[in-house]
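One letter stands for each residue in the lines below.
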Amino acid sequence: MSNHHPSADRLSCFAAGSLPMNQALCISVHAEHCPQCRRELQRLELLGAELFSAVAVQRRSDNLKTALMAKLDTLGLEADTGSPATEPKPAAPANVPRSLRKLLPDGLQGVHWKRLSPAIYAAKLCTDVNGAKVELLKIKAGGQVASHNHSGEEITVVLAGSFSDADGVYRRGDIIFRDREHKHHRPIASQDADCICLTSVAAPIQFTGFFARLLNPLIRRSHYSS
Ligand SMILES: [Zn+2]
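## A look at the overall build of the protein
- Helix and strand content of the protein: 6 helices and 11 strands.
- The buried share among the 226 residues of the protein stands at 34%.
- Considering only contacts in the protein between residues 6 or more positions apart, those separated by 24 or more positions represent 67%.

Below, the structure is given as structure tokens:
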């Protein structure tokens, strides 16, 4: 059961199909893990259907998942990996959320991680048309991300393992929103397992530690990757 959820406003926008792909993807992955948000989304969809029928407007036949997949197909042409999105393979790995299977056809085992430090690895997934970068981030068990500030919104969904920061502990399925008001953000993975997260970063993060600041010119190429 997730303990960290999107706001009611954000869920409403998701149900209305008005969120950018990078945000919709993160919320879709969270909802796969969260019965509470799935129930709320069903309620919002029913409410939307009633509103539409009240004004005699035919409801869109495509559901949210189909719309999101269509957006991913479009973005696949611009994916950082240079390879177009493909249909999921028949034996899609069970450890990958359905919303990510087009971007991770070979599962987490097939991810080409880029080493950023002995404890941190990243893998680009795609870039939204708004410039937000969607990546996977792996923090080795007990490892920590260097202290950093955000110049834009960062959304994180825990896919495996867990991590903590000054505000709490986050486990599989939890979704966390951070922005420029969160100073010196310093996530630390739990000691018992590697932590793998889906992240969407609207603008490059700014490392604040002395040595980590040396990374800042490098991470402009990728919000996490050097
Ligand atoms: Zn939730």
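There's plenty left to go through after this.
## Quick word on the environment of Asn22
- By the secondary structure assignment, Asn22 is in helix H2 (residues 21–33).
- Given 25 C-beta atoms within a 10 Å radius, Asn22 is considered buried.
- In the structure, Asn22 is positioned 110 residues away from Ala132 in sequence and 6.7 Å away in space, judged by C-alpha atoms.
- With residues near it in sequence (within four places) discarded, Asn22 still touches Asp128, Ala132, Val134 and Ser200.

## Considerations on helix H1 (residues 8–16)
- Listed as buried for H1 are Leu11, Phe14 and Ala15. An end-on view of H1 places all buried positions within 95° of arc, on one side of the element. For H1, the exposed residues set more than 90 degrees away from the buried face come down to Asp9 and Ala16.

## Quick look at the sheet that holds strand E10 (residues 195–201)
- Spatially, the 6 strands line up as an open sheet ordered E1-E2-E3-E10-E5-E8, and their pairing is antiparallel. Edge strands, defined here as strands with exactly one partner in the open sheet, are strand E1 (114–115) and strand E8 (175–178).
- As defined by bridge partners, strand E2 (residues 120–127) adjoins strand E3 (residues 133–139) across 7 bridges and the pair is classed as antiparallel. Across the sheet, the residue bridging to Lys124 is Glu135, located in E3.

## Some words on the sheet that holds strand E6 (residues 163–165)
- Strands sit in the order E7-E6-E9 across an open sheet of 3 strands; the sheet is antiparallel. Bordering the open sheet on either side are strand E7 (168–170) and strand E9 (188–189), each of which pairs with just one other strand.

## Digging into H2
- Relative to the 18 Å expected for 13 residues at 1.5 Å per residue, H2 spans 19 Å between its end C-alpha atoms, a close match to the ideal helical length.
- For H2, a buried count of 11 out of 13 residues is recorded, marking the element as mostly surrounded by other parts of the structure.

## A look at the nonpolar core
- With 47 residues, the main nonpolar core has Cys26, Val157, Cys197 and Leu198 as its most contacted residues.
- Every element with two or more residues in this core is listed here: H1, H2, helix H3 (35–54), E2, E3, strand E5 (154–160), E8 and E10.
- It is H2 that contributes the most residues to this core, 7 residues altogether.
- In contact with Cys197, not counting residues within four places along its chain, are Leu137, Thr156, Val157, Val158 and Leu159.

Scoring rules and cut-offs
Residues numbered from 1 in each chain as written. Predicted model: local features only at pLDDT ≥ 70, side-chain atom pairs only at ≥ 80, totals over all residues. Helix = DSSP H or I, 4+ residues; strand = E, 2+ residues; numbered from the N terminus. Buried ≥ 20, exposed ≤ 12 C-beta atoms within 10 Å, placed from the backbone. Contact = placed C-beta atoms within 7 Å. Arc of directions from axis to C-beta. Pairing = 2+ DSSP bridges. Expected span 1.5 Å × (residues − 1). Core = buried A, V, L, I, M, F, W, Y, C linked by C-beta atoms within 7 Å.

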